[in-house]
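Structural characterization, general
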Amino acid sequence: SNTGTATMAAPPTERSFDVIVVGAGIMGSCAAHAAAAWGASVLLLERFDLLHQRGSSHGESRTTRPIYTRPQYPPMVRLAHRLWDDAQRDAGYAVLTPTPHFNLGPRDDPAFLAAVANGSAIELAPSSADAPAWAEAFRVPQGWAVARSELGLGLGGVIKATKAVAMFQALAAKMGAVVRDRAEVVDVARKQGTIVVKTSSGEEFHGGKCIITVGAWATKLLKSVTGTDLPVQSVHTLVCYWKVKPGREHELTAEAGFPTFGSYGDHGFYGTPSMEYPGLIKISKSGGPPCDPDGRDWAIGTGAGGMAELVARWIDEVMPGHVDTTGGPVLCQPCMCCMTPDQDFVLDFLNGKEFGRDVVVGAGFSGHGFKMGPAVGKILAEMALDGESGTAAEAGVELSHFRIGRFEGNPKGNAKSF
């Protein structure tokens, strides 16, 4: 349809919604779905194309894991898993493949020890007799320990990222949500008791409530809308796929029971079973250099001394018999992570004189939020529609950890040493 022409403009009645969600990545799509399921009229706005690759919600895979260094997250992971199950049942197809999860790290590393303590993981002797067949893919360095979570209790798994975002958008639309892309929001303001959301093309939409989930663009949007300084720094990270050594292809697949895995120590490395590209396995390093979401260097990290080289070194040390690093990764895909100083999420009302509790922000998911999307979306939708989240309270998710105000006079927020 030629929606760009004046004659096709929607009548004013369709400009008004109970909730307007700004940003259609995983968090916004889940929030729109949760609000629509609640019975609200919902508008979901995306500045780029739907399912674009310029943010943090795209790609073939994300891991989910039960093992966390901080106790505030396992209840949210458990809640999210129940909601992933519900959504997949409603959609009639799967986006999450359950797998075991495997962690390794220096035996005295505080983050490793805390993660094992908080997760449903059993610490193993590296060469124990009850180790699963896949354990031989890992050559555990001297002085390191390993821990694994089994399928049943472990909540490990691989989520098809882009497919999952599409699923929540489709479910939201089926419940009556209006989904619009190529609609960049430039202003959010209160006028006569409603929230007015303005796009760069001059369109205006009115909402009773507004949920802002714009990922790496949160800092710029909140600064221009409210003057709020949100300490979220986007970083450019690389997702690397490596060649599996001949004859080992099947062993490293999810079908063969191969786990998602994470490694603690000086750098964090993580990987998923061989799935999306047969014969290749995804192994990457967490984090990356700071970047501006509007001016990215797409080639960063691929050259000598870059992130890929650090990953290759880890593979050569820990998985030398199974993964080939000759010539570097076969494929590299860029992604952004939006880091807070303490790597905890921001889930809060904008507050202030202008917005009170009518505008809710979800931001700063710090490279570990995707798996929580359905939980975060439901929490944000309840905060917007109800002023609080009953689901969070029932699930034992303590929202006080995620307030914007924690950084006032305390730039590190909730940060501990790890």
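About the thresholds
Residues numbered from 1 in each chain as written. Predicted model: local features only at pLDDT ≥ 70, side-chain atom pairs only at ≥ 80, totals over all residues. Heavy atoms only, no water. UniProt positions renumbered as here; feature names shortened; annotations may be inferred. Helix = DSSP H or I, 4+ residues; strand = E, 2+ residues; numbered from the N terminus. Rg over C-alpha atoms; globule rule 2.2 N^0.38 Å. Buried < 20%, exposed > 50% of the residue type's maximum accessible area, 1.4 Å probe, protein only. Contact = heavy atoms within 4.5 Å. Areas by Shrake-Rupley, 256 points an atom, 1.4 Å probe, with all protein chains shown as cover. Lys, Arg positive; Asp, Glu negative; His and termini not counted. Charge placed at Lys NZ, Arg CZ, Asp CG, Glu CD. Domains from an automatic or database assignment. Buried area = accessible area lost by both parts, 1.4 Å probe. Salt bridge = Lys/Arg side-chain N within 4 Å of Asp/Glu carboxyl O. Axes fitted to C-alpha atoms, helices over the stretch in contact; angles between N-to-C directions. Parallel < 35°, antiparallel > 145°, perpendicular 65-115°, else oblique. Nonpolar A, V, L, I, M, F, W, Y, C, P; charged D, E, K, R; others polar. 1 Å grid on protein atoms, 1.4 Å probe; cavity = no way out; pocket = protein on both sides within 12 Å on 5 of 7 lines; lining within 4 Å. Points joined across faces, edges and corners; volume = space filled by probe spheres on them. Core = buried A, V, L, I, M, F, W, Y, C linked by side-chain atoms within 4.5 Å.

An unreviewed UniProt entry lists the chain under the name FAD dependent oxidoreductase domain-containing protein, from Aegilops tauschii subsp. strangulata. UniProt, in the comment section headed Cofactor (unreviewed entry), describes the chain in these words: "FAD".

Let us look at the overall build of the chain. A tally of helices and strands in the chain yields ten helices and 20 strands. The C-alpha atoms of the chain give a radius of gyration of 22 Å, which matches the 22 Å a tight globule of 418 residues would have. Among the 418 residues that make up the chain, the fraction classed as buried is 53%. Considering only contacts in the chain between residues 6 or more positions apart, those separated by 24 or more positions represent 75%. Taken as a whole, the chain presents about 17500 Å² of accessible surface, with 53% of it coming from carbon and sulfur. Of the side-chain charges in the chain, 38 are positive and 43 negative, and the distance between the mean point of each set is 1 Å.

This brings us to the domain arrangement of the chain. Along its sequence, the chain is organised into domain 1 (16–58 + 162–231 + 341–407) and domain 2 (101–152 + 234–339). The centre of domain 1, based on its C-alpha atoms, is set 31 Å off from the matching centre of domain 2. Contact residues are listed per partner, giving 16 residues for domain 1 and twelve residues for domain 2. When residues of domain 1 are sorted by the area they lose upon contact with domain 2, Arg-54, Ala-216 and Lys-220 head the list and together hold 34% of the total. Across the contact surface, domain 1 and domain 2 share three salt bridges. Linking Lys-220 and Asp-294 is a salt bridge whose minimum nitrogen-to-oxygen distance equals 2.7 Å.

Okay, the pattern of salt bridges next. The tally for this structure, following the rule as stated, stands at 18 salt bridges. Through salt bridges with shared partners, a single network forms among Arg-47, Glu-184, Lys-220, Asp-292 and Asp-294.

Turning to the packing of helix H2 (residues 74–91) against helix H9 (residues 373–386), a few remarks are in order. Put simply, H2 and H9 touch, their axes get as near as 7 Å, and they point 95 degrees apart. Between H2 and H9, the interaxial angle falls into the category roughly perpendicular. Of the residues in H9, those in contact with Met-76, Leu-79, Ala-80, Leu-83 and Trp-84 of H2 are Pro-374, Ala-375, Val-376, Lys-378 and Ile-379. Of the residues contributing to the contact of H2 with H9, the split by class is nine nonpolar, no polar and one charged.

This model, assessed by the stated rule, comprises two cavities of 30 Å³ or more. Each pocket or cavity is described by its volume, and for the largest cavity that value is around 70 Å³. Forming the walls of the largest cavity are His-58, Gly-59, Glu-60, Ser-61, Arg-62, Val-239, Tyr-241, Lys-282, Gln-333, Pro-334 and Cys-335. Elements supplying a minimum of two residues to the lining of the largest cavity: strand S13 (233–244) and strand S18 (331–339). For the lining of the largest cavity, the element with the most residues is S18, which contributes three residues. Residue classes in the lining of the largest cavity are distributed as four nonpolar, four polar and three charged.

Time to look at the nonpolar core. Core analysis: the biggest nonpolar cluster contains 54 residues, and Ile-26, Met-76, Trp-84, Phe-345, Leu-347 and Val-376 have the highest contact counts within it. If you list the elements that add at least two residues to this core, you get strand S1 (16–22), helix H1 (26–37), strand S2 (42–45), H2, helix H5 (161–174), strand S19 (346–349), H9 and helix H10 (390–395). The contacts of Ile-26, once residues within four sequence positions are left out, are Ser-57, Trp-84, Ala-164, Val-165, Phe-168, Phe-370 and Gly-373.

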